[in-house]
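# Structural description and commentary
Each chain is listed here by its residues.
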Amino acid sequence: MATIKTNFNTEKHFVLTNNEDKIMAIINCPAGKNDISEKVKQAISEDENAESVTLVNQFVTDKAGATYILNAMIKDECNDEGNSNYYNLTEACIY
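Overview of the structure. Since this is a predicted model, take the numbers as computed values, not measurements. (Residues numbered from 1 in each chain as written. Predicted model: local features only at pLDDT ≥ 70, side-chain atom pairs only at ≥ 80, totals over all residues. Heavy atoms only, no water.)

### What to know about the side chain of Asn71
With respect to the secondary-structure elements, Asn71 resides in strand β6 (residues 67-76). On the basis of relative accessible area, Asn71 is assigned to the buried category, the value being 8%. Within the local environment of Asn71, its side chain forms a polar contact with the side chain of Ser84, the two groups lying 2.7 Å apart. Not counting chain neighbours up to four residues away, the residues in contact with Asn71 comprise Thr54, Leu55, Val56, Asn57, Ser84, Asn85 and Tyr86. (Helix = DSSP H or I, 4+ residues; strand = E, 2+ residues; numbered from the N terminus. Buried < 20%, exposed > 50% of the residue type's maximum accessible area, 1.4 Å probe, protein only. Polar contact = N/O pair within 3.5 Å; in protein donor to acceptor, adjacent residues only side chain to side chain. Contact = heavy atoms within 4.5 Å.)

Below, the structure written as structure tokens:
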């Protein structure tokens with residue numbers, strides 16, 4: 001199971017989108033060492049109406065660390081084996 005651990009000098013915000021570019025959530029990431037895995041799983045679970053979400057893998061697509069592609073296994077009452085879906089976690093500026 002993958003985790004999303006951060007260690008930023010300042011507070012940051014990330015936009016979670018699905019593979020169709022639908023905005024699912026804005027994730028607040030406080031300064032310092034944090035694990036935002038539960039926030040991301042909760043957002044995916046609520047948007048997908050899933051019983052459980054497991055983060056399988058993550059890939060950094062920007063050398064500055066601004067965009068992550070997440071692979072998540074989603075299980076619901078109709079599918080015990082689960083579906084594998086991809087999500088984007090992109091750093092966003094909040095004004």
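### A few points about the packing of aromatic side chains
All told, the structure shown has one aromatic pair when counted by the stated rule. With a centroid separation of 5.9 Å and 35 degrees between ring planes, the pair formed by Phe8 and Phe14 is classed as tilted. Judged on exposure class, the residue Phe8 and its partner Phe14 are both buried. The residue whose ring lies beneath Lys12 is Phe8, and the NZ or CZ to ring-centre distance is 5.3 Å. (Phe/Tyr/Trp six-rings, centres within 6.5 Å; stacked < 30°, edge-to-face > 60°. Lys NZ or Arg CZ within 6 Å of the ring centre and 35° of its normal.)

### What to know about the pattern of salt bridges
Summed over all chains, the structure comprises three salt bridges. Asp47 is the partner of Lys22 in a salt bridge, and the nearest nitrogen-oxygen pair spans 3.0 Å. Pair noted here: Lys22 is in the loop between β2 (12-18) and β3 (23-29) and Asp47 is in helix α1 (residues 37-48), with a separation of 25 residues, a long-range link. Of the residues examined, Asp47 reaches a relative accessible area of 29% and is grouped as partly exposed. In this structure, the salt-bridge partner of Lys41 is Glu38, at a minimum N-O distance of 3.0 Å. With Lys41 and Glu38 both in helix α1 and three residues apart, this pair spans about one turn of that helix. (Salt bridge = Lys/Arg side-chain N within 4 Å of Asp/Glu carboxyl O.)

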